[in-house]
Amino acid sequence: MKGLNALIRRELSLAYGGGGGPLLALAFYASLVALLPLAAGRNPQMLGAVGPGVAWLGLALASLLSLERLFERDYEDGALDLLAMGPVPLEAVALAKAGAQFLAVNAPLAVAAPVASIALAAPASLIPMTILTGLLGGLAFAFVGGLGAALALGAKRGGLLVAVVVLPLFAPPVIFGAAALDAARNGSSPVTGLLLLAAYAAAAVGLTPIAMAAACRNALD
Amino acid sequence: MRLPRQLEFLSLPDRFMAVSAWLAPTIGALAVLLLEFGLWFGFKVPPDYQQGATVLIMFIHVPAAWLSMFGYVCLAVSSFLSLVFRHALADAAAKACAPLGAGFTALALATGSLWGRPMWGAWWVWDARLTSVLVLLLFYLGYIALRASIEDENRAGRAAAILALVGAVNLPVVHWSVNWWNTLHQGSSVFRVGGPTLAAVYLIPLLLMALGYTAAFGALWLVRIRAELWRRKARTLSLQAANR
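Residues numbered from 1 in each chain as written. Chains lettered and ligands numbered in written order. Predicted model: local features only at pLDDT ≥ 70, side-chain atom pairs only at ≥ 80, totals over all residues. Heavy atoms only, no water.

A. Molecular detail of the overall build of chain B. From N to C terminus, chain B includes 6 helices and 0 strands. Reading the helices (α) and strands (β) of chain B from amino to carboxyl end gives α-α-α-α-α-α. Put simply, chain B has 244 residues, and 46% of those count as buried. In chain B, of all internal contacts separated by at least 6 residues, the share reaching a separation of at least 24 is 82%. Carbon and sulfur atoms form 69% of the exposed surface of chain B, whose accessible area is close to 13000 Å². (Helix = DSSP H or I, 4+ residues; strand = E, 2+ residues; numbered from the N terminus. Buried < 20%, exposed > 50% of the residue type's maximum accessible area, 1.4 Å probe, protein only. Contact = heavy atoms within 4.5 Å. Areas by Shrake-Rupley, 256 points an atom, 1.4 Å probe, with all protein chains shown as cover.)

See below:
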């Protein structure tokens, strides 16, 4: 238990400290959002139609940025070997890593999402739903993304590879979150979309650490 | 873990080579025959009352779509065998399977697009089935990309096998969620193809074509596995020669 605590603290400080932490993802997100009106035009009606969807999709894209370093850093300097030999099982290590990734990248992004959404002409009433889908979806993005990062260990061009491997897996959570946002905007009940998103996130949190640990063991031996 | 006795012949590359040496050309010849008959019957069907002559595209499109999914099942089963039983032959089978499956998926998308243009008036619509087949193609591409970017072959094989199994767990979820998304967004037109039921005149060539496609897939898969095993043998031999 003591080891697990130390591990979580280590992962959090690494995730916040290394390479700009949440700021990098937030800056990417802001740039992406700023480019949309430049490409699609500034007509508020047009923006209002696609804005919330783009703000939501941007969360998925921005969460990819720092994934490459999630396991690779520890793999290169040998820390992953030590963690694999340590008393904490690799599954728990993976859980801690992806959890720290969520807290350092996806949670700040979820808090920033309403700002982007409103800038893209979404109504202010959508704020709570945007944060909620951002948090639930962020869990799914962090854990599924972590799996991609673990699989890409030792690969050439790891960053691009993680994106190619992970983005198709993001299809269900993107759909569920967009459905919840859509329902909230149209005044119908967003519960179905939210529940499905929560179910996907729960499954990701529960199952991907096993696959992440298997991928790490494969890269280590 | 050891392989069950019934599947043991799969674990012996020599045995596999001996069997596939005559099995691959046999299935290949069968595929050519079936496809010829299927096309011949296909060209003789009366034009559909709604779709006219474009209904013929069905005979090359539907079997490709079917094989795109069958290919992923083959990939997932091979990956499972290679991961759990640590099987070199299963790994070669998975490696050989992925580009084939991706090819059939791309064929299904391309022929579907060609069919969509005269029928729906658009090359592409975001219909549930089209979208989930597109995601399936992306799964294949992710698998191939992962496999290609890790240099150590054993590692690449196992990492790719984990990804294939994760994909196999995810594909039903993707399929279901895309269907759900489509009903939410109220599909823009009616995508019922070929009318409510398929008449026997269409069914016979379709079945022949489906069997022909499957046989072609099997023959190509066997040939690709053989090529992969030869490549590995050549690699081992050249390493041995370099050591001497």
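B. Structural detail: the overall build of chain A. Scanning chain A for helices and strands turns up 10 helices and 0 strands. For chain A, the succession of helices and strands along the chain, N to C, is α-α-α-α-α-α-α-α-α-α. For a compact globule of 221 residues, the expected C-alpha radius of gyration is about 17 Å, and chain A comes in at 18 Å, within 12% of that figure. Dimensions of chain A, computed from the C-alpha atoms along their principal axes, are close to 55 × 35 × 30 Å. Residue burial in chain A is summarised as follows: out of 221 residues, 50% are buried. The contacts of chain A with a sequence gap of at least 6 include a subset with a gap of at least 24, amounting to 82%. As displayed, chain A offers around 9200 Å² of accessible surface, 71% of which is attributable to carbon and sulfur atoms. Chain A carries 11 positive and 10 negative side-chain charges, and their two centres are separated by 7 Å. (Rg over C-alpha atoms; globule rule 2.2 N^0.38 Å. Lys, Arg positive; Asp, Glu negative; His and termini not counted. Charge placed at Lys NZ, Arg CZ, Asp CG, Glu CD.)

C. Geometry of helix α3 (residues 44-62) of chain A. Residues and elements named next belong to chain A. Within α3, the axis deviates most sharply at Val-50, by approximately 45°, and proline Pro-52 lies no more than four positions further along. What α3 keeps buried is the set Leu-47, Gly-48, Gly-51, Pro-52, Ala-55, Trp-56, Gly-58, Leu-59, Ala-60 and Ala-62. For α3, the secondary structure elements touched by its buried residues are α2 (22-40), α6 (90-119), α7 (127-151), α9 (171-186) and α10 (191-220). N-cap assignment for α3: the residue whose side-chain oxygen lies 3.1 Å from the backbone N of Gln-45 is Asn-43. (Bend = angle between axes of the 7 residues up to and from the residue. Polar contact = N/O pair within 3.5 Å; in protein donor to acceptor, adjacent residues only side chain to side chain.)

D. Up close: the nonpolar core. Formed by 129 residues in total, the largest nonpolar core has its most connected members in Tyr-29 and Phe-71 of chain A together with Leu-75, Trp-221 and Ile-225 of chain B. The element that contributes the greatest number of residues to this core is α6 of chain A, accounting for 14 residues. Excluding anything up to four places from it in sequence, Trp-221 of chain B contacts Cys-74, Ser-78, Ala-93, Ala-96, Cys-97 and Leu-100 of chain B. (Core = buried A, V, L, I, M, F, W, Y, C linked by side-chain atoms within 4.5 Å.)

E. Expanded view of the interface of chain B and chain A. Taken residue by residue, the interface counts 25 residues in chain B and 28 residues in chain A. Both sides of the chain B and chain A interface together cover about 2200 Å² of buried area, and 73% of this is carbon and sulfur. For the chain B face of the interface with chain A, the top three residues by lost area are Ser-149, Arg-155 and Trp-180 of chain B, together amounting to 25%. Across the chain B-chain A interface, the total number found is 1 salt bridge. Residues Asp-221 of chain A and Arg-158 of chain B are paired through a salt bridge, measuring 3.6 Å at the closest nitrogen-oxygen approach. For the interface between chain B and chain A, the tally reads 6 residue pairs in polar contact (both at pLDDT 80 or more). At the level of elements, α4 (128-149) and α5 (153-184) of chain B are the ones that each hand at least two residues to the side of chain B that touches chain A. No other element matches α5 of chain B, which puts 15 residues into the side of chain B that touches chain A. Residues that form the side of chain B that touches chain A fall into these classes: 18 nonpolar, 4 polar and 3 charged. (Buried area = accessible area lost by both parts, 1.4 Å probe. Salt bridge = Lys/Arg side-chain N within 4 Å of Asp/Glu carboxyl O. Nonpolar A, V, L, I, M, F, W, Y, C, P; charged D, E, K, R; others polar.)

F. Broad picture of the packing of helix α2 (residues 57-84) of chain B against helix α6 (residues 200-243) of chain B. All names here are of chain B. The contact between α2 and α6 brings their axes to 9 Å, and the two run at 40°. Overall, the two elements α2 and α6 adopt an arrangement that is oblique. Relative to α6, the crossing made by α2 is right-handed. Residues Met-58, Phe-59, Ile-60, Val-62, Pro-63, Ala-64, Trp-66, Leu-67, Phe-70, Gly-71, Cys-74 and Ser-78 of α2 pack against Tyr-202, Pro-205, Leu-206, Met-209, Ala-210, Tyr-213, Thr-214, Phe-217 and Trp-221 of α6. Here the residues of the contact of α2 with α6 are counted per class, giving 18 nonpolar, 3 polar and no charged. (Axes fitted to C-alpha atoms, helices over the stretch in contact; angles between N-to-C directions. Parallel < 35°, antiparallel > 145°, perpendicular 65-115°, else oblique. Left-handed = near helix turned anticlockwise from the far one by under 90°.)

G. Up close: the packing of aromatic side chains. Residue and element names in this part refer to chain B. Enumeration according to the criterion identifies 14 aromatic pairs over all chains in this entry. With 6.4 Å between their ring centres and 65° between their planes, Tyr-72 and Phe-139 make a pair best called edge-to-face. Within this pair, whereas Tyr-72 is found in helix α2, its partner Phe-139 is found in helix α4, the two being separated by 67 residues in sequence. For Tyr-72, a relative accessible area of 5% translates into the label buried. Cluster of aromatic residues (ring-pair linked, three or more members): Trp-66, Phe-70, Phe-104, Tyr-213, Phe-217 and Trp-221. (Phe/Tyr/Trp six-rings, centres within 6.5 Å; stacked < 30°, edge-to-face > 60°.)

H. Highlighting the side chain of Gln-101 of chain A. All names here are of chain A. Residue position: Gln-101 is located in helix α6. Classification of Gln-101 as buried rests on a relative accessible area of 5%. Excluding residues within four positions of it along the chain, Gln-101 makes contact with Ser-63, Ser-66, Leu-67, Leu-70, Asn-106 and Ala-142.

I. The arrangement of the confidence of the model for chain A in detail. Averaged over all residues, the pLDDT of chain A is 89; the fraction at 70 or higher stands at 98%. Least confident of the elements in chain A is helix α1 (residues 2-17) of chain A, whose mean pLDDT is 84; most confident is α7 of chain A, at 94. (pLDDT = per-residue confidence, 0-100.)

J. Quick peek at helix α4 (residues 68-76) of chain A. For α4 of chain A, the full list of buried residues reads Leu-70, Phe-71, Glu-72 and Asp-74 of chain A. Phi for Gly-78 of chain A, located one or two positions after α4 of chain A, is positive at around 85°.

K. Layout of the pattern of salt bridges. Residue and element names in this part refer to chain B. Inspection of every chain in the model, using the stated rule, returns 15 salt bridges over all chains. Between Asp-91 and Arg-232 there is a salt bridge, with its nearest N and O atoms 3.1 Å apart. Here Asp-91, found in helix α3 (residues 88-120), pairs with Arg-232, found in helix α6; they are 141 residues apart in sequence, far enough to count as distant. Take Asp-91 and Arg-232: they sit in the same class, and that class is buried. Among the charged side chains, a network of salt bridges with common partners joins Asp-91, Lys-95, Arg-147, Glu-153, Glu-228, Arg-231, Arg-232 and Arg-235.

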